[in-house]
Amino acid sequence: IGLMELVMEPDMSCGEEAAAAVRELQLILQALGTCQGNMSEGQLRVDANVSVHRPGEPLGIRTEVKNINSIRYLARAIDFEIQRQTDVVQRGGMVQNETRAYDSKSGETVPMRDKEGLQDYRFMPEPNLPPLIVFEDNASLPAGIDVCQAVVVQTIKEGLPELPSIKRDRLVQAYGILPEHSFTLVNEDGLMEYFEAVMKSTKKESRKVIGWVTNELLGLLKQQDMSVSQSPVSPASLAELLELQEAGHISSSVAKQVFQEMWRSPGKTAAQIIREQDLGLVSDAAKLHRICQKVIDSHLDEVSASMDV
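Note that the coordinates shown come from a computational prediction; the quantities given were computed from them, not determined experimentally. (Residues numbered from 1 in each chain as written. Predicted model: local features only at pLDDT ≥ 70, side-chain atom pairs only at ≥ 80, totals over all residues. Heavy atoms only, no water.)

Asker: Any details on the overall build of the protein? Residues and values, ideally.
Answerer: Counting secondary structure elements, the protein contains 13 helices and six strands. Here the protein has a C-alpha radius of gyration of 29 Å; the compact-globule value for 309 residues is 19 Å, and the former is much larger. Across its three principal axes, the protein shows a C-alpha extent of roughly 95 × 65 × 35 Å. Burial status across the protein gives 29% buried among its 309 residues. In the protein, of all internal contacts separated by at least 6 residues, the share reaching a separation of at least 24 is 50%. Carbon and sulfur atoms form 53% of the exposed surface of the protein, whose accessible area is close to 20300 Å². Separation between the mean location of the 31 positive side-chain charges and that of the 45 negative ones in the protein comes to 3 Å. (Helix = DSSP H or I, 4+ residues; strand = E, 2+ residues; numbered from the N terminus. Rg over C-alpha atoms; globule rule 2.2 N^0.38 Å. Buried < 20%, exposed > 50% of the residue type's maximum accessible area, 1.4 Å probe, protein only. Contact = heavy atoms within 4.5 Å. Areas by Shrake-Rupley, 256 points an atom, 1.4 Å probe, with all protein chains shown as cover. Lys, Arg positive; Asp, Glu negative; His and termini not counted. Charge placed at Lys NZ, Arg CZ, Asp CG, Glu CD.)

Asker: Any details on the nonpolar core? Residues and values, ideally.
Answerer: Note that soluble globular proteins tend to have their nonpolar side chains buried in a common cluster. Judged by nonpolar contacts, the single largest core of 38 residues is most densely connected at Leu185, Phe195, Val213, Leu238, Leu241, Val258 and Phe259. Elements with a contribution of two residues or more to this core: helix H5 (164-175), helix H6 (179-187), helix H7 (191-200), helix H8 (206-223), helix H9 (235-246), helix H10 (252-264) and helix H11 (270-276). At eight residues, H8 tops the list of elements feeding residues into this core. Setting aside chain neighbours within four positions, we find Leu241 in contact with Trp212, Ile250, Ala255, Val258, Phe259, Met262 and Ala270. The next biggest cluster of nonpolar side chains, apart from the first, holds 15 residues, and it includes Leu25, Leu29, Val46 and Leu74. (Core = buried A, V, L, I, M, F, W, Y, C linked by side-chain atoms within 4.5 Å.)

Asker: Pulling in residues and values, what's your account of the packing of H5 against H6?
Answerer: Between H5 and H6, the least distance of the axes is 9 Å, while the angle of their chain directions is 130°. In terms of axis orientation, H5 runs oblique to H6. Crossing geometry of H5 relative to H6 is assigned as right-handed. Of H6, the residues touching H5 (which contributes Pro164, Lys167, Arg168, Leu171 and Val172) are Pro179, Ser182, Phe183, Leu185 and Val186. Per-class residue counts for the contact of H5 with H6 are seven nonpolar, one polar and two charged. (Axes fitted to C-alpha atoms, helices over the stretch in contact; angles between N-to-C directions. Parallel < 35°, antiparallel > 145°, perpendicular 65-115°, else oblique. Left-handed = near helix turned anticlockwise from the far one by under 90°. Nonpolar A, V, L, I, M, F, W, Y, C, P; charged D, E, K, R; others polar.)

Asker: For the sheet that holds strand S3 (residues 98-103), give the residues involved together with the corresponding values.
Answerer: Taking strand neighbours across the sheet as the criterion, the four strands line up as S1-S2-S3-S4 in an open arrangement whose pairing is mixed. Edge strands, defined here as strands with exactly one partner in the open sheet, are strand S1 (46-50) and strand S4 (108-114). Averaged over neighbouring strand pairs, the angle between their axes works out to 30° when direction is ignored. Those strands touched by helix H2 (residues 71-90) are S1, strand S2 (63-68), S3 and S4, and its axis lies near 160° from that of S2. (Pairing = 2+ DSSP bridges.)

Asker: So, the environment of Ala75: which residues are in play, and what are the values?
Answerer: With respect to the helices and strands, Ala75 occurs in helix H2. The exposure class of Ala75 is buried, given its relative accessible area of 16%. Expressed as a C-alpha distance, the spacing of Ala75 and Cys14, which sit 61 residues apart in the sequence, is 7.5 Å. For Ala75, the contacting residues outside a window of four places in its chain are Gly15, Glu16 and Ala19.

Asker: Outline H8, listing residues and values.
Answerer: Between the first and last C-alpha of H8 there are 24 Å, a value that for 18 residues agrees with the 26 Å anticipated at 1.5 Å per step. The principal kink in H8, of about 25°, is found at Leu217. Of all the residues in H8, the buried ones are Ser206, Val209, Ile210, Gly211, Trp212, Val213, Thr214, Leu217, Leu218, Leu220 and Leu221. Residues of H8 that are buried make contact with H5, H6, H7, H9 and H10. Two residues or fewer after H8 comes Asp225, characterised by a positive phi angle close to 55°. (Expected span 1.5 Å × (residues − 1). Bend = angle between axes of the 7 residues up to and from the residue.)

Here is the structure:
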C-alpha cells in the first residue's frame, strides 16, 4: 500500500485550527477515493510539530508529537504542548528538540526520544520509483514525452469529483442555509445526501428542514452512536411527516412526538402513528363544539364554581 505524506505550512495557532485542517483533509481524501481516512484503523495519522515564541521573535525550538490517531486527540495534544512549552520558556528554560507521544488518559504529551538529525533519516533515491514530470496543461507538454511519466494538472482538475468546499458553497447557494449548517451536513458522512433527499420530497422551507436534520435526526444519531446510514427513519419517511405538519394536520410539538415514535417503530408511517394515537389537529367547528361540551358536562362542579365567582 502506497504511503502519502503531506506537510502543511506552520501557520496554525491552536489545536482547534489544526483539527479543522485535518478534518478537511480527511473529507478531501474520502471524496477523491484516496482512502477512507479512518484514523482509528491507521488509515490516517498525524504528527504535530509545535513551537512557541515571544511576539516579534522567530519561532522557537520545535517538538514533534507523533502518531496521533484521533482529530479530538490532535486538538488536545497541540493545546497541551503549547501550554507546556510556554511554561518552560516563561520559567527561563529551553524547549528540547525531541519527539513526544500523546497520552489520551492523562491528556499530556510524554517524551519518546531525542529528535534525529537529517543524517539519521538516510535520504536516498528510490530506484523503483520513476520520476514524475508535472505540467500545467497539454499545451505545455513537450513533443516526444512519455505521457506515463507526465502529470497534467489541468486534466486532473477536470476529473475531480465535488470537493468539500464546493459542496458547502453549493448547499448555501441552492438552499439558502447558513454556512455553519453546510459544514455540519458535509462533515457527517451521508448527512448531506439525507438532507437533499428530504428536500426533494417536501415543500417545507429548507431552513426548517435543516433544523429537523441537524437537531432531531442528528441528535438521536449521536445519542445512540449511530451513523446516518443506520437511521431507522428514512428521508422519505421524514419528508412525509414534514408534509403532514406543513398541511396543518399536526402541530410542531406533535410532529416531534411522532418522529420519536417513528424512530422506535421503523415499520410505522407518520400517518399511521397519527391515526392510531389520534394526534391530528381538529379543524371541524361542530366537532370542536362537541368536545368542549363534553368537557363541560363532565366537570359541572368546576363550571358552577367558576360561574359563582
